[in-house]
Amino acid sequence: MANAVSGMAVDDECKLKFLELKAKRNYRFIIFKIEGQKVVVEKLGSPRDTYDDFTGSLPADECRYCVYDFDFTTNENCQKSKIFFIAWSPDSSRIRSKMVYASSKDRFKRELDGIQVELQATDPSEMSLDIIKGRAL
């Protein structure tokens, strides 16, 4: 049984789908949720999905972990991509849920090798496309 110190168990599918996003770019985003004592994949976004599709997939009152593959062009006109880890913890979610997600975040993030930028958001404005672009450059 996992506890707050050791973190949650992580379903193998989480790592597998993340590797597919990172290496093969099969997905634009992955949304993870804690189910029981385990982190599992909740939703996979197709490569054609937009940032709005991603943010629209997040529940308004429940915590989630997310990975987003952000494509952008640098000031030097180079095409680049950065993988964002977003800890979604809306103010309206239950306190117990926020505590469980917060205490398990670092352990889960360590399982996903290749994350380049981390973001914590409690409100959609804290993870707007402008903020994502600003953190990517």
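Read on for a plain summary of the structure. (Residues numbered from 1 in each chain as written. Predicted model: local features only at pLDDT ≥ 70, side-chain atom pairs only at ≥ 80, totals over all residues. Heavy atoms only, no water.)

### As for the pairing of strand β6 (residues 117–121)
- Every second residue of β6 is oriented toward a common face, the buried set being V117, L119 and A121 and the non-buried set E118 and Q120.
- Here five bridges tie strand β5 (residues 79–88) to β6, and the two strands are oriented parallel to one another. Counted as the bridge partner of F85 is E118 from β6.
- Read as a crossover between parallel neighbours, the route from β5 over helix α3 (residues 95–111) to β6 is right-handed. (Buried < 20%, exposed > 50% of the residue type's maximum accessible area, 1.4 Å probe, protein only. Helix = DSSP H or I, 4+ residues; strand = E, 2+ residues; numbered from the N terminus. Pairing = 2+ DSSP bridges. Right-handed = clockwise from strand over helix to strand, strands pointing away.)

### Regarding the sheet that holds strand β1 (residues 9–10)
- Spatial ordering of the open sheet is given by β1-β3-β2-β4-β5-β6, a layout of six strands whose pairing is mixed. Every interior strand has two partners, whereas the edge strands, β1 and β6, have only one.
- Bridge analysis of strand β2 (residues 29–35) against strand β3 (residues 38–45) gives seven bridges, and the strand direction is antiparallel. The residue bridging I30 from the neighbouring strand is L44, located in β3.
- The strands touched by helix α1 (residues 12–24) within the sheet are β1, β2, β3, β4 (64–73) and β5, with β3 carrying the most contacts at an inclination of about 35°.
- Each of β1, β2, β3, β4, β5 and β6 touches α3; the most contacted strand, β4, lies at about 50° to it. (Contact = heavy atoms within 4.5 Å. Axes fitted to C-alpha atoms, helices over the stretch in contact; angles between N-to-C directions.)

### Some details on α3
- For α3, which comprises 17 residues, the first-to-last C-alpha distance of 25 Å matches the rise-based estimate of 24 Å (1.5 Å per residue) to within 8%.
- Its maximal kink placed at K105, α3 deviates by approximately 45°.
- Of the positions making up α3, those classed as buried are S97, V100, Y101, S104, K105 and F108. (Expected span 1.5 Å × (residues − 1). Bend = angle between axes of the 7 residues up to and from the residue.)

### Points about the pattern of salt bridges
- What the rule picks out here adds up to 14 salt bridges.
- The closest approach of N and O atoms between R28 and D71, which form a salt bridge, is 3.0 Å. You can see R28 sitting in the loop between α1 and β2 and its partner D71 sitting in strand β4, a full 43 residues away along the chain.
- Overall, D71 belongs to the partly exposed group, its relative accessible area being 33%.
- Overlapping salt bridges bring together K33, E35, E42, E62 and R64 as one network. (Salt bridge = Lys/Arg side-chain N within 4 Å of Asp/Glu carboxyl O.)

### Details of the state of the cysteines
- Under the definition given, this model contains zero disulfides.
- The thiol of C63 is unpaired, and the distance to the nearest cysteine sulfur, on C66, comes to 10 Å.
- A relative accessible area of 0% places C66 in the buried class. (Disulfide = S-S within 2.5 Å.)

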